Amino acid sequence: MKILVINAGSSSLKYQLIDMNGEVVLAKGNCERIGIDGRFTHKTHSGYTKKIDVVMHDHTAAFSQVTKALLSGEGKVIDSLTEISAVGHRIVQGGTKYDRSVLVTPEVVKDIDEYAELAPLHNKAHVQGINAATKAFGSDVPQVVVFDTAFHQTMPPKAYMFGIPYEYYEKYAVRRYGFHGTSHRYVSGRCFELLNKPNGEGTRVVSCHLGNGSSIAALKDGKVIDTTMGLTPLDGFIMGTRSGAVDPSVISFIMNKEGLNPKEMDEILNKKSGMLGISGVSSDDRDIVNAIEDGNERAKLAWDMRTYEIIKYIGGYIAALGGVDAIIFTAGIGENQPLLRKEILESLGYRGAKIDNEKNMAVRGTEAEITTPDSTVRAFVIPTNEELVIARDTMEIVSKL
Ligand code: ADP
């Protein structure tokens, strides 16, 4: 069974065509700058890469590029669209209604559209992605949606409620939802296998997804009990360009001082803060590390602030979990940045964590245990694979049709 996985953003559409027989990625790529000037990348498992500038007016036009690339030219990987059995979509916000992946129906699309109020940039784009897929494949090819929020739906109210008047929860569903759920689900599932604990029964795990956007989740018995991202992916700790949690009054203070409206303030917190805002150098970790090596003090400050915030969250989650059995590192930074992993694990010396320095320094983008055999806390680097989770869920749901 071949499954097309779609991750539609406001001006981008990422895709992977996965042959579930062996879970092989036949092709993958990205339509960027949709509605602007347009850039299209297509790579196949045999090593072919195509990069072109092409105007794509909307997501439907982007979808045409994808199907054309899959079906023709040097990057061709299938003879006919009928070879694609189903389409799986990544959806950021599934509200409280969706605690698992579901088949796309008109009602589901309506819900995703309504939840756009809670994720304006993402959910509207996802609906466009679903509509574009329906146009390309017709309504006979089943589509499945996989929600970033679903895995966090096990959080208890004491973890997901905010300390504001209760009526805002009732009126507007303002609460912590958590994101990166598909990634936390994948890496924690793999961690439970490594711990030899099917379904995570009896385990206390802290999962650190450290990328451009970052979040940490605390899992007890395989279920999320708390996570750092909140109503939106802005909450938590310092990210590439996002501030993470700040004293809430900082926001109205700066808005008043600078004469900013909510949209402008939102833009500052989401796009101009975090590692970029503090360092003034870049949101990208590799640039930050280079700047630190060149003696840039603000880059060093950004690095130290982030490490400190992560250590505080992990410590808080260990307290909430009543201990910890394993720490997971994943995503661009978690998988590839040994120095950050080292600082975090050394801070857990008080819990009996012992890092295997040589192993840790060598691990980049591959699965490995990076603590010593006598460490009381085990730490793993586990490369994430959200697309595979989406494809697996899609296959499972459509197999039952
Ligand atoms: P997102 O999916 O949220 O856009 P990623 O998970 O791809 O982000 O992570 C991007 C971050 O990972 C960037 O800060 C980048 O510098 C860092 N990163 C990616 N690869 C490496 C690497 N090989 N070495 C160090 N940092 C890396």
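Thresholds applied
Residues numbered from 1 in each chain as written. Predicted model: local features only at pLDDT ≥ 70, side-chain atom pairs only at ≥ 80, totals over all residues. Heavy atoms only, no water. Axes fitted to C-alpha atoms, helices over the stretch in contact; angles between N-to-C directions. Helix = DSSP H or I, 4+ residues; strand = E, 2+ residues; numbered from the N terminus. Parallel < 35°, antiparallel > 145°, perpendicular 65-115°, else oblique. Contact = heavy atoms within 4.5 Å. Nonpolar A, V, L, I, M, F, W, Y, C, P; charged D, E, K, R; others polar. Pairing = 2+ DSSP bridges. Near = heavy atom within 4 Å. Polar contact = N/O pair within 3.5 Å; in protein donor to acceptor, adjacent residues only side chain to side chain. Areas by Shrake-Rupley, 256 points an atom, 1.4 Å probe, with all protein chains shown as cover. Buried < 20%, exposed > 50% of the residue type's maximum accessible area, 1.4 Å probe, protein only. 1 Å grid on protein atoms, 1.4 Å probe; cavity = no way out; pocket = protein on both sides within 12 Å on 5 of 7 lines; lining within 4 Å. Points joined across faces, edges and corners; volume = space filled by probe spheres on them. Core = buried A, V, L, I, M, F, W, Y, C linked by side-chain atoms within 4.5 Å.

(A) Quick look at the packing of helix α6 (residues 181–194) against helix α15 (residues 386–399). At their nearest, the axes of α6 and α15 sit 9 Å apart, and the two run at 90 degrees to each other. If you check the angle between α6 and α15, you find them roughly perpendicular. Contacts between α6 and α15 pair Thr182, Ser183, Arg185 and Tyr186 from the former with Glu386, Leu388, Val389, Ile390, Arg392 and Asp393 from the latter. Taken together, the residues of the contact of α6 with α15 sort by class into 4 nonpolar, 2 polar and 4 charged.

(B) Examining the sheet that holds strand β11 (residues 223–227) more closely. Here we have 6 strands laid out as an open sheet, ordered β11-β10-β9-β12-β14-β13, and mixed in their pairing. Each end of this open sheet is capped by a strand with a single partner; those strands are β11 and β13 (368–369). Where strand β10 (residues 214–220) and β11 come together, 4 bridges link them in antiparallel fashion. Across the sheet, Ala217 pairs through a bridge with Thr227, a residue of β11. The strands that helix α13 (residues 338–347) touches are β9 (204–210), β12 (326–330) and β14 (378–381); relative to β12, the one it contacts most, it runs at about 160 degrees.

(C) Just the site of the ligand, in detail. The ligand sits among Gly211, Asn212, Gly213, Asp284, Asp285, Arg286, Ala331, Gly332, Ile333 and Asn336. Within the side chain of Asp284, one N or O atom sits 2.5 Å away from an oxygen atom of the ligand. The separation between an oxygen atom of the ligand and a polar main-chain atom of Asp285 is 3.0 Å. Protein coverage of the free-state accessible area of the ligand, which is 580 Å², stands at 64%. For the shell around the ligand, the secondary structure elements donating two or more residues are α10 (285–293) and α12 (331–336). Examining the composition of the shell around the ligand, we find that 4 residues originate from one element, α12, more than from any other. In terms of residue class, the shell around the ligand is made up of 2 nonpolar, 5 polar and 3 charged.

(D) Structural detail: the environment of Pro120. Relative to the helices and strands, Pro120 resides in helix α3 (residues 120–137). The exposed category is assigned to Pro120, whose relative accessible area is 53%. Residues Pro120 and Thr232, spaced 112 residues apart in sequence, show a C-alpha to C-alpha distance of 9.9 Å.

(E) Focus on the layout of surface pockets. Put simply, the second largest pocket is a space of about 870 Å³. Residue lining of the second largest pocket: 28 residues in total, with Phe151, Arg185, Tyr186, Val389 and Asp393 positioned closest to the centre. At 9 residues, the largest contribution of residues to the lining of the second largest pocket is made by α6.

(F) Focus on unusual backbone geometry. Residues other than glycine seldom take positive phi values, yet Asn199 does so here, at roughly 60 degrees. With respect to the element layout, Asn199 can be found in the loop between α6 and β9. The backbone of Ala331 sits at a positive phi, close to 75 degrees, despite the residue not being glycine. Given a relative accessible area of 5%, Ala331 falls into the buried group.

(G) Spotlight on the nonpolar core. By size, the foremost hydrophobic cluster in this structure holds 36 residues, and its most contacted members are Val206, Leu210, Ile314, Ile327 and Phe329. Listed by contribution, the elements that provide at least two residues to this core are β9, β10, α9 (274–279), α10, α11 (297–321), β12, α13 and β14. Of the residues forming this core, the biggest block, 8 residues, is contributed by α11. Residues within four places of Ile314 in sequence aside, it is in contact with Val206, Cys208, Ile216, Ile327, Ile344 and Leu348.

(H) Representation of the sheet that holds strand β3 (residues 24–32) in the model. Taking strand neighbours across the sheet as the criterion, the 8 strands line up as β5-β4-β3-β2-β1-β6-β8-β7 in an open arrangement whose pairing is mixed. Among the strands making up the open sheet, the edge pair consists of β5 (49–53) and β7 (102–103). Where strand β1 (residues 2–8) lies against strand β2 (residues 13–19), 7 bridges are found, and the strand directions are antiparallel. Following the sheet pairing, Ile3 is matched in β2 by Ile18. Where α15 meets the sheet, it contacts β1, β2, β6 (84–91), β7 and β8 (143–147), and its direction lies at approximately 125 degrees from that of β6.

Read these as geometric descriptors, not functional statements.
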